[in-house]
Amino acid sequence: MENLPFFKTKSDADIGINLSKIFKGIPSSAGLALGEAVVYNSDPITEANETINPEKIISEIDRFEQAHKYLIEEYKNAIEKTNYQNIISILETNLMIISDHLLKDSVICKIKEGYSVESAINKEFEEKIQYFLRAKDKILRERGYELEHLKERFFDILRNRSILHSIKPNSILVVRSLTTADLINAKEAGLIGIITEVGGIASHLSILARNFNIPAVIGLKYATKYINNGSYIILDGYSGTVILDPDETQLSEFYQKKSKEEAYRLRLGELANVKCETTDKVRIELLTNVDCLEELENSLLNGADGIGLIRTESIIDNPKALYDIESQYKFYRELAQRAYPYTIVIRAFDYGSDKRIEGFPHHETNPALGMRGIKFLLTNPEIFETQIKAVLQASKNKNVKFILPMISSIEELQQSIEIIERCKSELSSNNISFDPNLPLGIMIETPAAVLLADKFAELVDFISIGTNDLTQYTLAVDRNNEYVSNYFNSFHIAILKQIYMVAKAAKSKKKPVSICGELAGYPAATELLIGMGINQLSVAPSILPELKSHILGLSYKSASKLAKKVLKLHSNEEIRKLLKY
Ligand code: PEP
Ligand code: MG
């Protein structure tokens, strides 16, 4: 975690103790924990083709139906227990898989063919699991692991086993994998850390752990074999280190880090009401990217100056809602009201590429270059218009802005403006009120948009640079592909020059420009971005306090000097050395 400067990760050699007790996994949720290991081994089926006598078929179907009902209830309860919309969406996706009647019918059919309930479930899931695990796409592989968790949970229910039986306060769970519903229940039972053998940082489990601030280390192979139940563990979710049965030196080091962490967090909380400006009084607006109402409230509590990006496609994933003005309107209105008097930027749906929506099964061999963002919206005008009307209605209090994703040509913008104007006329003729001057912006995410930034700046009210996609489309590197992840570099000089071009174009037309891609939250980039003339940064809410603390110590004068120096460089290596990222 480069954000916490005092958390230098020691190499194993630095630590200089019994190396057999230190393991390294992937840090997936930041934080420190010291607790007792609860090792939970799944109980795999021994016989994949176990058959039963015909007279047992009815009772096996009954066993399956009971387990199925139990699992559905478990998910419904977990959904009831959580307030976070993004977590609810994750749980609902899992619930949808389990409740699918095709799945249920197919398992029953296999039992009728003479397989035991365990074999039938195994056969049903295994084919799908293998299909997903073979996928090149990391996100799809994560779905494979999720199916595996669900399958194992089915087995546990059938055998009356549960992870929860062993969790008590201060437990660190060591497990091959676990379901999202299990995590929610385990958290209630006092879980303070997670170690898994499989999974990735984009998995639903990791997202949940981060949301709940539960430190987690994932991908620690054979963890359930090496770690004994009841051992004491130090878990460092910043570096991915796990220390088994720590000695006194390691314990005292842990307590020191922990108290620094707590003091640091306390100080960040105190910064909420401090104005974000450089030492030479240049005001930098700090905005947040949010996915749900709770994140919005946390952002404002942490002192955000507004909401810089609401990714509506990650909130609205029910295909029916795409055509439902009323429900969208109510949701956007709630966001706008809770943020008032601060402004929110609602982004039009950016479906396509890795952001798929059910009911639009375009099979595309190259989805990142396919039906995505504005192309999807202009091709599906009913969906686009429904969203525009809902946003307009929610804009009555004039604290809503609307932004279009993936714009690459003037025509796309003009067509969108025509549609927006048509929607306004329709609402007016029905006496429905809205903000007639709803500010309209575009995301700059392609080199084409950068080259046209001058013209765009003339036509829109504000601009936001999406450095995630700008990096993907400039460097021809898939942002989700782990094989090329070391080529995905938002500090690449080609990206930095483009940011500067856009900042200059916006300034010349007196239009505000922000950055809402991940780069905005990298501490190594902050001074440079400010020096290039960016004075709005939109970041994940959890980063905001640290970012503010960092900016309060920077001077605009030296930031400009740094920007001039960096923009003269050609080699990425030189940039890396200068910015120390
Ligand atoms: C971006 O591309 O930088 C961006 C903010 O949009 P998203 O990550 O949602 O594609
Ligand atoms: Mg984008």
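None of these values were measured; they are calculated from a predicted model. (Residues numbered from 1 in each chain as written. Chains lettered and ligands numbered in written order. Predicted model: local features only at pLDDT ≥ 70, side-chain atom pairs only at ≥ 80, totals over all residues. Heavy atoms only, no water.)

Turning next to the overall build of the protein. What the protein contains, in helices and strands, is 24 helices and 16 strands. Its C-alpha radius of gyration of 26 Å places the protein within 12% of the 25 Å reference for a compact globule of 581 residues. Overall, the C-alpha framework of the protein stretches about 80 × 65 × 40 Å when taken along its three principal axes. By residue count, 53% of the 581 residues in the protein fall in the buried class. Considering only intrachain contacts with a sequence separation of at least 6, the fraction spanning at least 24 residues in the protein is 69%. For the protein, the centre of its 70 positive side-chain charges and the centre of its 76 negative side-chain charges are spaced 7 Å apart. (Helix = DSSP H or I, 4+ residues; strand = E, 2+ residues; numbered from the N terminus. Rg over C-alpha atoms; globule rule 2.2 N^0.38 Å. Buried < 20%, exposed > 50% of the residue type's maximum accessible area, 1.4 Å probe, protein only. Contact = heavy atoms within 4.5 Å. Lys, Arg positive; Asp, Glu negative; His and termini not counted. Charge placed at Lys NZ, Arg CZ, Asp CG, Glu CD.)

For the rest of this paragraph, the subject is the site of ligand 1. Around ligand 1, the structure places 15 residues, and the nearest of them are Arg311, Arg347, Lys355, Asn468 and Arg479. In this structure, Thr467 approaches ligand 1 through a main-chain N or O atom, which is 3.1 Å from an oxygen atom. Between ligand 1 and the protein, one listed contact pairs an oxygen atom with a side-chain N or O atom of Arg479 at 2.7 Å. Of all the elements in the fold, those that place two or more residues in the shell around ligand 1 are strand 10 (307–311) and helix 19 (467–475). In terms of residues, the shell around ligand 1 owes the most to one element, helix 19, which gives three residues. Across the shell around ligand 1, the residue classes break down as three nonpolar, four polar and eight charged. (Near = heavy atom within 4 Å. Polar contact = N/O pair within 3.5 Å; in protein donor to acceptor, adjacent residues only side chain to side chain. Nonpolar A, V, L, I, M, F, W, Y, C, P; charged D, E, K, R; others polar.)

Time to look at the domain arrangement of the protein. Structurally, the protein comprises domain 1 (6–42 + 165–265), domain 2 (54–158) and domain 3 (274–579). A straight line from the C-alpha centre of domain 2 to that of domain 3 covers 37 Å. (Domains from an automatic or database assignment.)

So, about the coordination of the magnesium ion (ligand 2). Ideal donor angles around a metal are set by the shape: a four-donor tetrahedron calls for 109.5 degrees, a six-donor octahedron for 90 or 180 degrees. Taken together, Glu445 (OE) and Asp469 (OD) make up the full set of protein donors to the magnesium ion (ligand 2), lying 2.0 Å away. Here Asp469 lies in helix 19 and Glu445 lies in the loop between strand 13 (440–444) and helix 17 (447–451), a separation of 24 residues in the sequence. Under the relative-accessibility criterion, Asp469 is labelled buried at 2%. (Donors = N, O, S within 2.8 Å, 3.2 Å for Na, K, Ca; no water.)

This paragraph deals with helix 5 (residues 117–133). Helix length check: helix 5 (17 residues) gives 24 Å between terminal C-alpha atoms against 24 Å at 1.5 Å per residue, within 8%. Residue Glu126 marks the point of greatest curvature in helix 5, where the axis turns by about 25 degrees. (Expected span 1.5 Å × (residues − 1). Bend = angle between axes of the 7 residues up to and from the residue.)

The next subject is the environment of Gly306. One can find Gly306 in the loop between helix 11 (293–301) and strand 10. It is 35 Å that separates the C-alpha atoms of Gly306 and Gln256, two residues lying 50 residues apart in sequence. Excluding residues within four positions of it along the chain, Gly306 makes contact with Leu286, Leu287, Thr288, Tyr342 and Thr343.

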